Amino acid sequence: MTIRIHDSLSREKRPLEPLEDGLVKMYVCGPTVYDDCHIGHLMGPVVFDTVARWLLARGLRVRFVNNITDIDDKIINRARETGEAWDAIAERYTQQYFGFLRELGVETITDHPRCTEFVPQMIAFIRELMDEDIAYVAEDGVYFDVHRHEGYGKLAGRRLEDMQAGARVQAQGGLRHPADFALWKGVKPGEPSWESPWGPGRPGWHIECSVMSSELLGRAFDLHGGGDDLKFPHHENEIAQSEARGDGFARLWMHNGLVQYGGRKVAKSDPRMQDPEFRQQFQARWLLETYGAPALRFFLVRSPYRRPVDFEPVNLEGARTGLVRLLRALGPLADEPGTPPLAEVLAADLPEPLAARRARFVEAMDDDFNTGEAVAELFSLAADARAAATPETSAQALRLARDLGRQLGLFEPGDTARLAAVGGGASAALAPLAEALLEVRRAARERKAFAVADGLRDALTGAGVEVQDAAGASAVGLDGVAADGLERLMDALITLRADARASKDFATADALRDAVAGAGLRFEDGPEGTRWVQAD
RNA sequence: GGCGGCAUGGCCAAGUGGUAAGGCGUCGGAUUGCAAAUCCGAGAUCCCCGGUUCGAGUCCGGGUGCCGCCUCCA
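This structure is a prediction, so every number in the text was calculated from the model and none was measured.

(A) Structural view of the protein's contact with RNA strand B. Inspection of the region around RNA strand B gives 49 residues, with His 41, Lys 74, Arg 264, Lys 265 and Arg 457 positioned closest. Atoms of RNA strand B within 4 Å of the protein belong to the sugar or the phosphate in 62% of instances, the rest to bases. Between RNA strand B and Val 259 there is a distance of 3.0 Å, counted from a base nitrogen to a backbone nitrogen or oxygen. Contact distances for RNA strand B include 2.4 Å between a base nitrogen and a side-chain N or O atom of Arg 457. Its residues assigned to classes, the surface near RNA strand B comprises 14 nonpolar, 14 polar and 21 charged.

Following this line, the structure appears as structure tokens:
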């Protein structure tokens, strides 16, 4: 068994050969905690959690470090704007980040070092570079001299001469080269600071990752990951610092694609971000509440990690639909606790084509974590289950799909319920209301009042509630309820009730009022028409 | 200007030279009072032009288009 990984540095697939037998040491750059978490902060963790889960499934041990940048210009600016203490801001958003990781099922991270916990080690690191004359003191801090490091630019594929030609790069403040970067920033009035041989100040951005990785994983480790935008300058600078100090540093580099919308990157400075409604679509809280954590994870997992991911609603909704269908096919299996170890799944005796699916799933994952192909096999297994000659084979196919999916953090117990629960807290009232409306509709159908029955169904489906008519009875499905489902449903009911009253169908009108009341809501008929409110 | 990546049915997307996975959507059929869900089925000259080969989406050369990095950013 060999796992091959696309290495961003050499730009080719390379076998993963852990430095320490059976143990993979990986480091993934974490967030700067200064504001509400957005999806970009979470993509890396989900991608690399999936990677780590697969490594674990393959029998390797994993030490997975994901740092927290808890001191930075952005945090200081935020503190200045709000008057809140910088460390309180950092702590709050750190906890928020951890909460989102839990919701998304990111559970393989073993270490979350915070930048401020490693200041002495950073100072020691910088001192080593100073001693070698690779770092120097400039006007406002200590800088790394990129000319002193051969190979600077190898990760991002650029040469120092080219960079000097670029208009944006200007040497200032006594720097030897415009690309020289800060290792230590001298303190400015009102800023938090730590003592150092170069005066009070705080660490530069890049140094923390070089220091924390070597402190926790050693001077050479297996895997370094992060978002594609971190390649330059962040990772380039990490490499320069660590290599300049004689470290082997990371053997393989992985970079995940970035968030896009309509085929374009969405960055902080993107003009579209001025629109709050647009902006909200990338906020972790909103995404989780709108699509549900299982759907969000599924969306990220089924996409190839190296490509940009487009967060247009149509794509998120498509992923969600696919997941809901898969979960439906799995039925009770989806909520059964327990994930058998992959080795056990692989050892099981299976008929064709199930064994072939299983083999392809494993091959796909071993080949640079091709989760897109792996997820396709899951869908195929669901199809196999439908086509199976016997119930036993069908069950085997579903169980295999479930067990393989769980290796990637999919199909966790409770996912079906979690998907059904999203669409806002309003669904608390929505469920009983939908049930009551079903009864009204049943009565209408019984007396062949199909117009009323269909109107009710349209009201329900318009709010994202599924109406399922089986032989004897009907049922509602709340899996796909929209965020404003209750509002939409109530508005439709107001119209229905008005129509019923206009045609003197008071039985229907009253039945609607009773159904609504049963869900803790009521109509208020006023001179400007009817509105609905939460009953006391 | 420098560097890198991508171009496969309406959309997302797999694809190791040998008759184009999978998903979403759409359309047709079954089912239904009509629907929904479900099931069955349909749909692609793989950006263009050359070349290598018995054979290319897959290799080579040349175009064209899009995206990203070189600035904050995960």
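Back to the write-up after that little detour.
(B) Main features of the side chain of Thr 69. Residue position: Thr 69 is located in the loop between β4 (61–66) and α2 (73–82). With relative accessibility at 2%, the residue Thr 69 sits in the buried group. In terms of polar contacts, Thr 69 uses its side chain to reach the side chain of Asn 67, at 3.4 Å. One polar contact links Thr 69 to Glu 208, side chain to side chain, over a distance of 2.8 Å. Discounting chain neighbours no more than four positions away, the residues touching Thr 69 are Pro 31, Thr 32, Val 33, Ile 75, Cys 115, Trp 205 and Glu 208.

(C) Inspection of the domain arrangement of chain A at higher detail. Here chain A is described as being made up of domain 1 (4–256), domain 2 (272–418) and domain 3 (423–534). Computed over C-alpha atoms only, the centres of domain 1 and domain 2 are separated by 32 Å. The partner domain 2 presents 32 residues to the 28 residues of domain 1 that form the contact. Contact between domain 1 and domain 2 buries roughly 2700 Å² in total, counting both sides, with carbon and sulfur atoms accounting for 64%. Notably, a salt bridge pairs Arg 285 with Glu 103, separated by 3.0 Å at the nearest N-O pair. Connecting domain 1 to domain 2 are 15 residue pairs in polar contact (both at pLDDT 80 or more). Going through the elements one at a time, β1 (4–7), α1 (39–57), α3 (86–103) and β10 (249–256) are the ones with two or more residues in the side of domain 1 that touches domain 2. If one sorts the elements of the side of domain 1 that touches domain 2 by residue count, α1 sits on top with 12 residues. The class makeup of the residues in the side of domain 1 that touches domain 2 is 15 nonpolar, 6 polar and 7 charged.

(D) Unusual backbone geometry, seen in detail. Phe 232 connects to Pro 233 through a cis peptide bond whose omega is 0°. Inspection of the secondary structure assignment puts Pro 233 in helix α7 (residues 231–244). Cis geometry marks the peptide bond from Glu 352 to Pro 353, where omega comes out at 5°. By secondary structure assignment, the location of Pro 353 is in the loop between α12 (342–347) and α13 (354–366). Located in the positive-phi region is Asp 133, a residue other than glycine, with phi close to 65°. Checked against the element boundaries, Asp 133 lands in the loop between α4 (119–131) and β5 (135–138).

(E) Molecular detail of the sheet that holds strand β13 (residues 309–310). A sheet is described by the order of its strands in space; here 3 strands give the open sequence β12-β11-β13, paired in mixed fashion. Two strands in the sheet have a free side with no partner beyond their single neighbour: β12 (264–265) and β13. As paired strands, strand β11 (residues 259–261) and β13 are joined by 2 bridges and run parallel to one another. From the neighbouring strand, Gln 260 faces β13, where its bridge partner is Asp 310.

(F) Here's a closer look at the nonpolar core. Judged by nonpolar contacts, the single largest core of 92 residues is most densely connected at Met 26, Trp 54, Leu 55 and Phe 311. Per-domain counts for this core show at least three residues from each of domain 1 (4–256) and domain 2 (272–418). Beyond its immediate stretch of four places on either side in the chain, Trp 54 contacts Ile 3, Leu 342, Phe 361, Val 362, Met 365, Asp 366, Phe 369, Gln 407 and Leu 408. Counting residues in hydrophobic clusters, the runner-up holds 39 residues, among them Met 122, Tyr 152, Leu 217 and Ile 239.

(G) Examining the pattern of salt bridges more closely. Under the definition given, this model contains 46 salt bridges. We note a salt bridge from Asp 72 to Lys 74, for which the minimum N-O separation is 3.4 Å. Accessibility expressed as a relative area gives 11% for Asp 72, which makes it buried. We note a salt bridge from Arg 513 to Asp 510, for which the minimum N-O separation is 3.8 Å. One end of the pair, Arg 513, and the other, Asp 510, are both in helix α20 (residues 506–518), 3 residues apart, so they sit about a helical turn from each other. By relative accessible area, Asp 510 is classed as partly exposed at 33%. Salt bridges here are not isolated pairs; linked through shared partners, they connect Arg 357, Arg 360, Glu 373, Glu 377 and Asp 384.

(H) Examining the packing of helix α18 (residues 450–462) against helix α19 (residues 485–502) more closely. Contact pair α18 / α19: the axes reach a minimum separation of 8 Å and the direction vectors enclose 160°. With respect to α19, the element α18 is oriented roughly antiparallel. Seen along the crossing, α18 lies across α19 with a hand that is right-handed. Of the residues in α19, those touching α18 at Gly 455, Leu 456, Ala 459, Leu 460 and Gly 462 are Arg 488, Leu 489, Ala 492, Leu 493 and Leu 496. Its residues assigned to classes, the contact of α18 with α19 shows 7 nonpolar, 2 polar and 1 charged.

Rules and cut-offs
Residues numbered from 1 in each chain as written. Chains lettered and ligands numbered in written order. Predicted model: local features only at pLDDT ≥ 70, side-chain atom pairs only at ≥ 80, totals over all residues. Heavy atoms only, no water. Near = heavy atom within 4 Å. Polar contact = N/O pair within 3.5 Å; in protein donor to acceptor, adjacent residues only side chain to side chain. Nonpolar A, V, L, I, M, F, W, Y, C, P; charged D, E, K, R; others polar. Helix = DSSP H or I, 4+ residues; strand = E, 2+ residues; numbered from the N terminus. Buried < 20%, exposed > 50% of the residue type's maximum accessible area, 1.4 Å probe, protein only. Contact = heavy atoms within 4.5 Å. Domains from an automatic or database assignment. Buried area = accessible area lost by both parts, 1.4 Å probe. Salt bridge = Lys/Arg side-chain N within 4 Å of Asp/Glu carboxyl O. Pairing = 2+ DSSP bridges. Core = buried A, V, L, I, M, F, W, Y, C linked by side-chain atoms within 4.5 Å. Axes fitted to C-alpha atoms, helices over the stretch in contact; angles between N-to-C directions. Parallel < 35°, antiparallel > 145°, perpendicular 65-115°, else oblique. Left-handed = near helix turned anticlockwise from the far one by under 90°.

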